[in-house]
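Fold and contact review
If you want the building blocks of each chain, they are given just below.
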Amino acid sequence: MTELDRLLEGNQRYVSADTPRPKDAPPRRRLALLTCMDTRIDPLAVLGLGLGEAHVLRNAGGRVTGDVLRSLVVSVHVLGVRTIVVMQHTQCGLARTTDEELRRRTGADIDFYPIGDHIKALQDDIDRLVSSGPLHFVHATAGLLLDIETGAVRLVAKWPGGH
Ligand SMILES: [Zn+2]
């Protein structure tokens, strides 16, 4: 049985099961969550969210890239999102590496958005969201750091400031 066979079989089980399927596309919590593609993260479960409540965007590192901004413009302007959360995590493969090292290992001459320091990276990403003109309808953004071992998140950066 190939991997594709297993996937199609998994879909048959999904269709047969009586799994609730949300009817509406706009996220009910008016929330978008950006996080890393790491297999150890279950983004909805980590934050107590359910299907249909949030947009979930994932990439290597959970970084605010050009394509993340493209998706968030749709989230905010078309689908009503007003809160954006960026969640990076401990033991991330993008941490403690550099563009130079990744370019050498992969042969790809692109920007990988490596993470030298999570606090700085999350603050930079929040700043990038806040300063992005097309996202001016956003009411709040936050940068969280997930401890991959305990599952606990820590608030590292937020906008607006205060409590
Ligand atoms: Zn990661």
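Residues numbered from 1 in each chain as written. Predicted model: local features only at pLDDT ≥ 70, side-chain atom pairs only at ≥ 80, totals over all residues. Heavy atoms only, no water.

Another point: the packing of aromatic side chains. What the rule picks out here adds up to 0 aromatic pairs. The aromatic ring of Tyr 14 is capped on one face by Arg 21, whose charged end is 4.5 Å from the ring centroid. (Phe/Tyr/Trp six-rings, centres within 6.5 Å; stacked < 30°, edge-to-face > 60°. Lys NZ or Arg CZ within 6 Å of the ring centre and 35° of its normal.)

Tracing the chain through its elements places Ile 110 in the loop between α4 (99-106) and α5 (118-130). Expressed as a C-alpha distance, the spacing of Ile 110 and Val 76, which sit 34 residues apart in the sequence, is 28 Å. Filtering out sequence-adjacent residues up to four positions away, Ile 110 remains in contact with Asp 99 and Arg 103. (Helix = DSSP H or I, 4+ residues; strand = E, 2+ residues; numbered from the N terminus. Contact = heavy atoms within 4.5 Å.)

In this section: the pairing of strand β3 (residues 83-89). Burial analysis of β3 places 6 of its 7 residues in the buried class, which makes it a mostly covered element. Relative to strand β4 (residues 140-146), β3 is paired through 7 bridges, and the arrangement is parallel. In the strand pairing of β4, Val 85 is matched with Ala 142. (Buried < 20%, exposed > 50% of the residue type's maximum accessible area, 1.4 Å probe, protein only. Pairing = 2+ DSSP bridges.)

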